[in-house]
Amino acid sequence: MDNTHASRLAARDLAVVWHPCTQMHDHETLPMLPIARAEGAWLYGPDGGRWLDAVSSWWTCLLGHRHPRIVAALKDQLDRLDHVMLAGFTHEPAIELAEELVRIAPKPGAFPSMRAVPPPALREEVPGGRRRGSVVESAPLTRVFYADNGSSAIEVALKLSFHYWRNLGRGERTRFIALTGGYHGETLGALSVTDVALYRNTYAALLLDPIFAPSPDAYEAEPGESPADCARRRLGELRAILERHAHETCAIIVEPLVQCAGGMRMHDASYLTGLRALCDEFDIHLIADEIAVGFGRTGTLFACEQGGIVPDFLCLSKGLTGGTMALSAVLTTAQIYEAFYAEYSAGKAFLHSHSYTGNPIACRAALATLSVLRDEPVLERNRALAAHLAARIAPLKDHPHVADVRQTGMIAAIELVKDKRTREPFPAAERRGLRVYRHGLENEMLLRPLGNIVYFMPPFCITPDEIDRMVAVAVEGIERALA
Ligand SMILES: *Cc1c(COP(=O)(O)O)cnc(C)c1O
């Protein structure tokens, strides 16, 4: 073995570190890559190697690594206050971030240009419904509960929803509805509402028993069906589930627009509009998990905006701190907050905490990230970058082993299949995506396919030239994986 700094680090690592989401045995043949520094879209090894971070390091690195405004805010905060428990104490970063999140959160009736009125058929199906789904009557998100990672935010939202109903004397509501193909994290509650067999099945005996409703995933549309048709059909199926189960259901949880870890599967925004209407009609909560899709990934600041909806709980993490610090937040409504507000002896308080809840350094990183989104035309630039990316990946539609090329904003995916006509997938055991990963690493590119789905979720600082290179390496990798 060569005796570079990188290889010495790799050897030390493999002796003591147990890596996430990894069969460690793979590293008998797969290189472990030490990273020494990062800048913009690039990661650098200790000996000069470099990789373009085409997946934003698991979707966290929103604007690019070490954005100067975030770095400056972190340094400044370190000279003031490192941490203080958030129970009984508070600090300006936590207050200001909560104010800012409330200010930018999806608003009732705030999307005149893209308010998607429920399709007529759906409205007719909602006789006497409160029609809050048409947005105008939705309650705004005015309250922020902090946690310190995405899974914890999901735990918070699930517990809050259940506890809300319990505080109202509706403790018989103990179940959640989740979508097939959805992903919400790895802790037991979050994993319970996740439907990715690879992560869930092993632990099934330990998990809650949610009701899985069919995903509006447009890849699973029937022949001739548009994504909007598919969404409408799935809403009809959800209605049937609600008719049977609403009385025992706390909430439905969804990843708006893109089911990310489940394979970058995408659906029509009208599903969200119809979903909001159904949640109102059947009086259950809507939990929007925007941990991956929030902060401009899908073309709007929040994906919910494209459906013209306000959820009852909005879960945020990943890009929140621009990929620098672990932080998450759950936004909710005054109505829900008030159901917990009572004399202590009433036993209604939400007694949930994490040690690093609302950490000031993390909050400053988030404030700096949001200030960039506010002061710079990030979403506008993303529109041009997304159009460039779309043009580059379009030719793959004709590839004999590509079943689907799809994109929502700054998320794009290429679905590889064994048989293009029947869409029969490659057997998972062939690990074709892993070959793309390997090829990427050998060519300065961090691509990390989800099974046989090659995807791009680059930091927003990526340039058109870098997009060209990213797609070119992926295409070569795909050819190599198919050979
Ligand atoms: C990553 C992710 C989570 C979990 O976040 P962690 O910080 O990894 O626990 C939950 N939901 C979605 C949609 C995610 O992409």
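Predicted model, so just to flag it, every value in this text is computed and none were measured.

A. Representation of the environment of Glu100 in the model. Within the secondary structure layout, Glu100 lies in helix α4 (residues 92–104). Measuring from C-alpha to C-alpha, the distance between Glu100 and Gly40 comes to 25 Å, with 60 residues separating the pair along the chain. Apart from residues lying up to four places away in sequence, Glu100 is in contact with Leu367, Leu370 and Arg374.

B. Up close: helix α6 (residues 150–167). With 18 residues, α6 extends 25 Å from end C-alpha to end C-alpha; this agrees with the ideal 26 Å at 1.5 Å per step. In terms of burial, α6 is a largely internal element, 15 of the 18 residues being buried. Regarding α6, its N-cap is Asn149, as a side-chain oxygen of that residue lies 3.0 Å from the backbone nitrogen of Ser151 further along. Just downstream of α6 lies Gly169, where phi reads positive at about 80 degrees.

C. Layout of the pairing of strand β5 (residues 175–179). Taking burial as the measure, the five residues of β5 include five buried ones, the bulk of the element. Here β5 shows no split at all, with Arg175, Ile177 and Leu179 on one side and Phe176 and Ala178 on the other all buried. Sheet topology places β5 next to strand β6 (residues 211–213); three bridges connect them, and they run parallel. Bridge assignment links Ile177 to a residue of β6, and that residue is Ile211.

D. Looking closely at the packing of aromatic side chains. By the definition in use, this model includes seven aromatic pairs. On the basis of an interplanar angle of 75 degrees and a centroid distance of 5.8 Å, the ring pair of Tyr183 and Tyr199 is categorised as edge-to-face. Of this pair, Tyr183 sits in the loop between β5 and α7 (188–192) while Tyr199 is found in helix α8 (residues 197–200), placing the two residues 16 residues apart along the sequence. Across the pair, exposure class does not vary: Tyr183 and Tyr199 are buried alike. Centroid distance Tyr337 to Tyr341: 5.9 Å. Interplanar angle 40 degrees. Geometry classified as tilted. The class for Tyr337 is partly exposed, based on a relative accessible area of 30%. On the basis of relative accessible area, Tyr341 is assigned to the exposed category, the value being 62%.

E. Broad picture of the side chain of His352. Relative to the assigned elements, His352 resides in the loop between α12 (334–338) and α13 (360–375). Of the polar contacts made by the side chain of His352, one reaches the side chain of His354; its length is 2.9 Å. Excluding residues that lie within four positions of it along the chain, His352 makes contacts with Phe145, Val156 and Lys159.

F. Molecular detail of the domain arrangement of the protein. Once the domains are mapped, the protein shows domain 1 (35–66 + 378–482) and domain 2 (92–375). Using C-alpha coordinates to define each centre, domain 1 is positioned 27 Å away from domain 2. Tallying the contact residues gives 30 residues for domain 1 and 26 residues for domain 2. Between domain 1 and domain 2 the total buried area reaches about 2300 Å² when both faces are included, carbon and sulfur atoms providing 66% of it. Where domain 1 touches domain 2, the interface holds one salt bridge. Across the pair Arg265 and Glu415 runs a salt bridge, and its minimum N-O distance is 3.0 Å. Linking domain 1 to domain 2 there are eight residue pairs in polar contact (both at pLDDT 80 or more).

G. Inspection of a nonpolar patch on the surface at higher detail. On the surface, a nonpolar cluster with roughly 310 Å² of combined accessible area is contributed by Leu188, Tyr203 and Leu206. Leu206 gets classed as exposed once you look at its relative accessible area, which sits at 57%.

H. Quick look at the sheet that holds β6. Strand order in this open sheet of seven strands is β4-β12-β11-β10-β7-β5-β6, and the pairing throughout is mixed. Both outer strands of the open sheet, β4 (141–147) and β6, are each paired with one neighbouring strand and no more. Mean inter-strand twist for the sheet, computed between neighbouring axes without regard to direction, equals 20 degrees. In this sheet, strand β12 (residues 328–333) lies alongside strand β11 (residues 313–316) in antiparallel orientation, the contact comprising four bridges.

I. Main features of the nonpolar core. If you look at the biggest cluster of nonpolar residues, it comprises 120 residues, and the most contacted ones within it are Leu101, Ile252, Met264 and Phe456. When residues are assigned to domains, this core turns out to be shared by domain 1 (35–66 + 378–482) and domain 2 (92–375), each giving three or more. Once residues lying within four places of it in the same chain are set aside, the contact partners of Met264 are Trp59, Val258, Gln259, Arg406, Ile411, Ala413, Leu450, Tyr455 and Met457. If you look at the next biggest cluster of nonpolar residues, it comprises 25 residues, including Ala147, Val330, Ala339 and Phe350.

J. Expanded view of the layout of surface pockets. The computed volume of the second largest pocket comes to approximately 910 Å³. Residue lining of the second largest pocket: 34 residues in total, with Arg143, Val144, Phe145, Tyr337 and Phe350 positioned closest to the centre. When residues of the lining of the second largest pocket are traced back to their parent elements, those giving at least two are α4, β4, β12 and α12. By residue class, the composition of the lining of the second largest pocket is 21 nonpolar, nine polar and four charged.

K. Examining the packing of helix α15 (residues 432–442) against helix α16 (residues 464–482) more closely. Packing of α15 against α16 leaves a shortest axis separation of 8 Å and a crossing angle of 135 degrees. When the axis of α15 is compared with that of α16, the two are oblique. Considering the relative orientation of α15 and α16, their crossing is right-handed. Facing α15, whose interface residues are Arg432, Arg435, Val436, His439, Gly440 and Glu442, α16 presents Val473, Glu476, Gly477, Ile478, Arg480, Ala481 and Leu482.

L. How the structure looks around the environment of Thr300. Within the secondary structure layout, Thr300 lies in the loop between β10 (285–289) and α11 (304–307). Placed 79 residues apart in sequence, Thr300 and Leu379 show a C-alpha to C-alpha distance of 7.0 Å. Here the side chain of Thr300 touches Phe302 through a polar contact of 2.8 Å, landing on its backbone oxygen. Only 3.0 Å separates the side chain of Thr300 from the side chain of Gln306, close enough to count as a polar contact.

What counts and how
Chains are numbered independently. Their residues run from 1 in the order of the written sequence. Local features in a predicted model are, by the rule used here, given only for residues with pLDDT of at least 70; side-chain atom pairs are given and counted only at 80 or more, and totals for whole chains, interfaces and linings are based on all residues. Side-chain metrics in this entry use all non-hydrogen atoms of the structure; hydrogen atoms and water are not considered. Secondary structure is summarised from DSSP: a helix means a run of H or I of at least four residues, a strand means a run of E of at least two, and numbering begins at the N terminus for each. It only takes one pair of heavy atoms within 4.5 Å for two residues to be counted as in contact. By this rule, a helix spans an expected 1.5 Å times one less than how many residues it contains. Classification of residues uses two cut-offs on accessible area relative to the type maximum, computed with a 1.4 Å probe and protein chains only: under 20% is buried, over 50% is exposed, and between them is partly exposed. Polar contact criterion, stated in full: a pair of N or O atoms within 3.5 Å, where within protein one must be able to donate a hydrogen and the other to accept it, and residues adjacent in sequence count only if both atoms are side-chain atoms. For two strands to count as paired, DSSP must find a minimum of two bridges between them. Classification of ring pairs uses Phe, Tyr and Trp, with its six-membered ring standing for Trp, and accepts pairs whose centres are within 6.5 Å; under 30 degrees between planes counts as stacked, over 60 as edge-to-face, and the remaining range as tilted. Residue ranges labeled as domains rest on an automatic or database domain assignment. When two components associate, each loses some accessible surface as probed by a 1.4 Å sphere; the sum of these losses over both components is called the buried area. A carboxyl oxygen of Asp or Glu within 4 Å of a side-chain nitrogen of Lys or Arg is what we treat as a salt bridge. Residues with no salt bridge and a relative accessible area higher than 30% make up the patches, which join like charges within 9 Å and nonpolar side chains (Val, Leu, Ile, Met, Phe, Trp, Tyr) within 5 Å. Under the convention used here, a 1.4 Å probe and the Shrake-Rupley method define accessible areas, while residue burial counts only the protein chains that appear. Note on method: axes are straight lines fitted to C-alpha atoms, helices fitted across the in-contact stretch only, with angles between N-to-C directions ranging 0 to 180 degrees. Nine residue types can take part in a nonpolar core, namely buried Ala, Val, Leu, Ile, Met, Phe, Trp, Tyr and Cys, and a core is a set of them joined through side-chain atoms within 4.5 Å. A cavity, in this analysis, means grid points on a 1 Å lattice covering only the protein atoms where a 1.4 Å probe fits yet has no way out; a pocket is instead an open set bounded by protein on both sides within 12 Å along at least five of seven lines, and a residue lines either one if it has an atom within 4 Å of a point. Grid points are joined across faces, edges and corners, and a volume is the space filled by probe spheres set on the points. Polar here means any residue outside two lists: the nonpolar Ala, Val, Leu, Ile, Met, Phe, Trp, Tyr, Cys and Pro, and the charged Asp, Glu, Lys and Arg; Gly therefore counts as polar. Note on angle classes: values under 35 degrees are labelled roughly parallel, values over 145 roughly antiparallel, values of 65 to 115 roughly perpendicular, and the remainder oblique. Put simply, a crossing is left-handed when the front helix is turned counterclockwise from the back one by less than a right angle, and right-handed when it is turned clockwise.

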